[in-house]
Amino acid sequence: MQAFKTPKYNRIMTLQETLELHVKAAIKALFQSELTSVEFQATRKEFAGDITVVVFPMLRVVKGNPVVIGEQVGQYLLDNVELVKGFNVVKGFLNIEINDSYYLNFFQSVKNKADYGFVEQKDDKAVMVEYSSPNTNKPLHLGHVRNVLLGYSVAEILKASGKKVYKTQIINDRGIHICKSMLAYQKFGQDETPTEDLKGDKLVGNYYVKFDQEYKAEMAELVAQGQSEEDAKKNAPLLLEAQEMLIKWEAGDKEVVGLWEKMNQWVYDGFEVTYKNIGVDFDTYYYESNTYLLGKEFVAEGLKTGVFFKKEDGSVWCDLTEDGLDEKIVLRSDGTAVYMTQDIGTAIQRIKDYPDVGGMVYTVGNEQDYHFKVLFLILKKLGFDWAKNLFHLSYGMVDLPSGKMKSREGTVVDADDLIQEMADTAEEISNDLGKLEDYNEDEKKSLYKTIGLGALKYYILKVDPKKRILFDPKESIDFQGNTGPFIQYTYARIQSILRKADSDNIATTSVDDAIVMHEKEKQLIKQLELFPEVIQNAAEQHSPALIANYTYDLVKEFNSFYQNISIFGADTELEKSFRIDLSRLVSQTIKNAFQVLGIEVPERM
RNA sequence: GGUCGCAUAGCUCAGCUGGAUAGAGCACCUGCCUUCUAAGCAGGCGGUCCUAGGUUCGAAUCCUAGUGCGAUCACCA
């Protein structure tokens, strides 16, 4: 059941807003009562009408039989509102029929807008959206893919809704885990360098796995010598060496820092290739190695103002018990920074760098729900007014049937491999269908990638971010039904129609044309009319899934129209032109919707 | 144990301010390509909306309790 929500964007008064005023007037005229709001929903297909007023809530103000009240209000609307051409009442539902001219006028007013559904930038305050935020010791996997797709899409949706947006990430470029792969490389690497077949991030990731293997072997040996497992964990020589390396790094040891810079650069180069492959980008980057010091400064500041307190051993804490949470450490007893310190520093640094930012979105997995709750609270306590506009875009893990993905054990679905597999599948299907014989190899390759990526992105974005995804590599992602390729296919099919219309020089329609709409055409226009509102809702709720599901509904509606009504076989030239105009706006809407999902649309497929 | 999230058809998921007979896709079964691209369309099969109470004219949706799954509660990040 589709309900209509009052739009907040700037546009001509919507149908619902117009009707609301009239329904209120009707209640006033008929019953001398004031309604505070009117409840609307789309009329169910089995009843005549376009929009339905629910009478039940009015009973709080007007006493009586809902059917009788519905009849009276309906009659009033019919007599007083030009838009209304009929009505019927079923139980407590007043179904209103709207004049076709309303829909035709609406259609004519938007049909040539390339940016249909998008709102021009209006807010002076910008939003910073963080996503990806990888560690620099391993390549990106399917979990990162979900993160990156969600973050990128939410950023694009916010832009489309009229916000200024900065896309960013925080790079975990320091710490013991980075030293682990560095150490393994130093010991076993034999000066190996990235090659065309082995990207830098993969190379570094291999040594992270190598470290874990060697480390486990050492542990096993120590246990065999009689140590407890716990002791062996702490005493394994490799781990001690890694810890030593971290200390050297912090002390600025030339050799260690040099290796760190070299290997991180390999990883960054590898990441860039993957990001480009996925089709996402960033406006600005932040590195933990640069922001933790600022965090420490503000911890000191918070100590002075009483936001934090110091324990006997010198560690610094924030007492959140009044807010129903625990005490949280913000600085170690030895004065070094913890995770929270860095995040405080990063947030403040970002506002310093971009003073027009009034809020931030953090795309981070739901295992950090608590962390962000605390972070936001601390920033509020520190007195930053932007702290009230922070949002944790939390999402569920992507698990494999075998359990969690673990980079150090090599049980991950690699991002690059996955994309390649998706393209391969698209190629297979495409070859079976054999529609692209006249495409050259480059064109084909690019198309397979568009379709494969479209399938992957849609598959991930159409579900509620909160839900965890169980990804079975053996069961391939669908290319039929509620999928990216299905929608891309519809787009391509419309392009084919438009090419034909273009070569036939078919005229376009105008407001003055006396068009008689077919039921399917009217349904399509109604669905199109919802799009701007869907963008706004998706922005408010940070939900690409709303866009995906809307687009699917639109496309289903179009396909039904397409299969049941002939476009070029229309009875009159006017009808033909109208159907082509309608198809054009549908394809433009698909394109715009997919743009904010980060999915490309093909001209043919 | 405390806290947070999730639970809807065999499977994957929609279902937004509480509204009419809970919707899609996959899978399975019927039809439809000499006509604008069949990655499609038209239809069939399939439901204890986790359980039990409660609020309401009306509950998948809100409240309470419970069950199951996941996460979290580190001087790790």
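Enquirer: Now, about the overall build of chain A: what can you tell me, with residues and values included?
Expert: Counting secondary structure elements, chain A contains 19 helices and 14 strands. Burial status across chain A gives 54% buried among its 605 residues. Carbon and sulfur atoms make up 48% of the accessible area of chain A, which totals about 28700 Å². Of note, chain A has its 71 positive side-chain charges centred 3 Å away from the centre of its 93 negative side-chain charges.

Enquirer: Break down the packing of helix 3 (residues 100-110) against helix 16 (residues 519-529) for me, with residues and values.
Expert: At a minimum axis separation of 10 Å, helix 3 and helix 16 run at an interaxial angle of 55°. The pairing of helix 3 with helix 16 is recorded here as oblique in orientation. The way helix 3 lies across helix 16 gives a crossing that is left-handed. Contacts between helix 3 and helix 16 pair D100, Y102, Y103, F106 and F107 from the former with K522, I525, K526, L528 and E529 from the latter. The residue makeup of the contact of helix 3 with helix 16, split by class, is six nonpolar, no polar and four charged.

Enquirer: Give me helix 1 (residues 15-31): which residues, what numbers.
Expert: Given 3.6 residues per helical turn, the α-helix brings residues three or four places apart onto the same face. Taking 1.5 Å per residue, 17 residues should reach 24 Å; helix 1 reaches 24 Å between its end C-alpha atoms and fits that length. By the burial criterion, the buried members of helix 1 are L15, Q16, L19, E20, V23, A26 and I27. The arc that holds every buried residue of helix 1, seen down its axis, measures 125°, which confines them to one face. Looking one or two residues beyond helix 1, the residue adopting positive phi is Q32, at roughly 55°.

Enquirer: For the pattern of salt bridges, give the residues involved together with the corresponding values.
Expert: Counted by the stated rule, this structure contains 32 salt bridges. Between D581 and R584 there is a salt bridge, and its shortest N-O distance comes to 3.1 Å. A residue pair is termed a helical-turn pair when its members lie 3 or 4 positions apart in one helix, as D581 and R584 do in helix 19 (residues 573-597) at three residues. A relative accessible area of 2% means that D581 is categorised as buried. Overall, the relative accessible area of 32% leaves R584 in the partly exposed class.

Enquirer: Kindly report on a negative patch on the surface, identifying the contributing residues and their values.
Expert: On the surface, a cluster of negative charge is made up of D417, E421, D424, E427, E428 and D432. Tracing the chain through its elements places E428 in helix 13 (residues 415-433). Overall, E428 belongs to the exposed group, its relative accessible area being 55%.

Enquirer: With reference to specific residues and values, describe unusual backbone geometry.
Expert: Even without being glycine, S133 reaches a positive phi, approximately 45°. You can see S133 is positioned in the loop between strand 5 (126-130) and helix 4 (142-160). Of note in the backbone geometry, Q190 takes a positive phi value of approximately 50° without being a glycine. Within the secondary structure, Q190 sits in the loop between helix 5 (176-188) and helix 6 (200-224).

Enquirer: Account for the sheet that holds strand 12 (residues 390-395), naming residues and giving values.
Expert: Taken in spatial order, the five strands make up an open sheet running 7-6-5-11-12, and their pairing is parallel. Strand pairing shows two members of the sheet lacking a second neighbour, strand 7 (284-287) and strand 12, which therefore form its edges. For this sheet, the mean inter-axis angle between neighbouring strands, taken without regard to orientation, is 25°. Contacting strand 11 (357-365) and strand 12, helix 12 (residues 369-381) crosses the sheet at an angle of about 180° to strand 12.

Enquirer: Before we move on, can you summarise the nonpolar core with the specific residues and values?
Expert: Counting residues in each nonpolar core, the largest one holds 150 residues, and the members touching the most others are L77, L94, L142, L456, F471, I547 and I590. Per-element tally for this core: the top contributor is helix 4, with 11 residues. Sequence-distant contacts of L94, defined by excluding residues within four places in its chain, comprise I51, T52, V53, V55, G70, V73, G74, L77, F87, N88 and V89. One finds A126, L294, I344 and F384 within the second-largest nonpolar core, a separate group that totals 39 residues.

Enquirer: Which residues make up the packing of helix 6 against helix 8 (residues 237-250), and what values go with them?
Expert: Their axes nearest at 8 Å, the elements helix 6 and helix 8 cross at an angle of 130°. The pairing of helix 6 with helix 8 is recorded here as oblique in orientation. Of the residues in helix 8, those touching helix 6 at F211, E214, Y215 and E218 are P237, L238, L239 and A242. Residues belonging to the contact of helix 6 with helix 8 are distributed by class as follows: six nonpolar, no polar and two charged.

Enquirer: Please give an account of helix 12 that cites residues and values.
Expert: Taking 1.5 Å per residue as the helical rise, helix 12 with its 13 residues ought to reach 18 Å, and the 19 Å between its terminal C-alpha atoms agrees with that figure. H371, F372, V374, L375, F376, L377, I378 and L379 are the residues of helix 12 that are buried. Considering only its buried residues, helix 12 is in contact with strand 8 (308-310), strand 9 (316-319), strand 10 (327-331), helix 11 (339-353), strand 11 and strand 12. Note on helix 12: the residue one or two positions beyond its end, G383, has a positive phi of about 95°.

Enquirer: Got a sec to walk through the packing of aromatic side chains? Specific residues and values, please.
Expert: Considering all chains together, one arrives at 25 aromatic pairs under this definition. Ring plane angle 40° and centroid distance 5.7 Å describe the contact between Y362 and F376, whose orientation is recorded as tilted. Of the two residues, Y362 is situated in strand 11 and F376 in helix 12; the sequence distance between them amounts to 14 residues. By relative accessible area, which is 3% here, Y362 ends up buried. Relative accessible area serves as the criterion here: at 11%, F376 is assigned to the buried category. Among the aromatic residues, those joined into a ring-pair cluster are Y131, F271, Y275, F282 and Y285. Seen from the ring of F188, K210 lies directly overhead, with NZ or CZ sitting 4.9 Å from the centre.

Enquirer: How would you explain the pairing of strand 2 (residues 51-54) if you had to name every residue and give the values?
Expert: The side-chain alternation of strand 2 yields two buried faces, one formed by I51 and V53 and the other by T52 and V54. As defined by bridge partners, strand 1 (residues 40-42) adjoins strand 2 across three bridges and the pair is classed as antiparallel. Counted as the bridge partner of F40 is V53 from strand 2. Bridge count between strand 2 and strand 4 (residues 93-98): four bridges; the pairing is antiparallel. Bridge pairing in strand 4 links T52 to N95.

Enquirer: Describe the environment of S566, naming the residues involved and giving the relevant values.
Expert: Looking at the element boundaries, S566 is found in the loop between helix 18 (544-564) and helix 19. Separated by 2.9 Å, the side chain of S566 and the backbone nitrogen of G569 make a polar contact.

Enquirer: An account of the domain arrangement of chain A is requested, with residue identities and associated values reported.
Expert: Accessible area lost on assembly of the parts is the figure often given for the size of an interface. What the domain assignment reports for chain A is domain 1 (15-98), domain 2 (126-281 + 340-402) and domain 3 (451-597). Computed over C-alpha atoms, the centres of domain 1 and domain 2 are 56 Å apart.

Calculation criteria
- Residues numbered from 1 in each chain as written.
- Chains lettered and ligands numbered in written order.
- Predicted model: local features only at pLDDT ≥ 70, side-chain atom pairs only at ≥ 80, totals over all residues.
- Heavy atoms only, no water.
- Helix = DSSP H or I, 4+ residues; strand = E, 2+ residues; numbered from the N terminus.
- Buried < 20%, exposed > 50% of the residue type's maximum accessible area, 1.4 Å probe, protein only.
- Areas by Shrake-Rupley, 256 points an atom, 1.4 Å probe, with all protein chains shown as cover.
- Lys, Arg positive; Asp, Glu negative; His and termini not counted.
- Charge placed at Lys NZ, Arg CZ, Asp CG, Glu CD.
- Axes fitted to C-alpha atoms, helices over the stretch in contact; angles between N-to-C directions.
- Parallel < 35°, antiparallel > 145°, perpendicular 65-115°, else oblique.
- Left-handed = near helix turned anticlockwise from the far one by under 90°.
- Contact = heavy atoms within 4.5 Å.
- Nonpolar A, V, L, I, M, F, W, Y, C, P; charged D, E, K, R; others polar.
- Expected span 1.5 Å × (residues − 1).
- Arc of directions from axis to C-beta.
- Salt bridge = Lys/Arg side-chain N within 4 Å of Asp/Glu carboxyl O.
- Patch = residues over 30% accessible without salt bridge, like charges linked within 9 Å, V, L, I, M, F, W, Y side chains within 5 Å.
- Pairing = 2+ DSSP bridges.
- Core = buried A, V, L, I, M, F, W, Y, C linked by side-chain atoms within 4.5 Å.
- Phe/Tyr/Trp six-rings, centres within 6.5 Å; stacked < 30°, edge-to-face > 60°.
- Lys NZ or Arg CZ within 6 Å of the ring centre and 35° of its normal.
- Polar contact = N/O pair within 3.5 Å; in protein donor to acceptor, adjacent residues only side chain to side chain.
- Domains from an automatic or database assignment.

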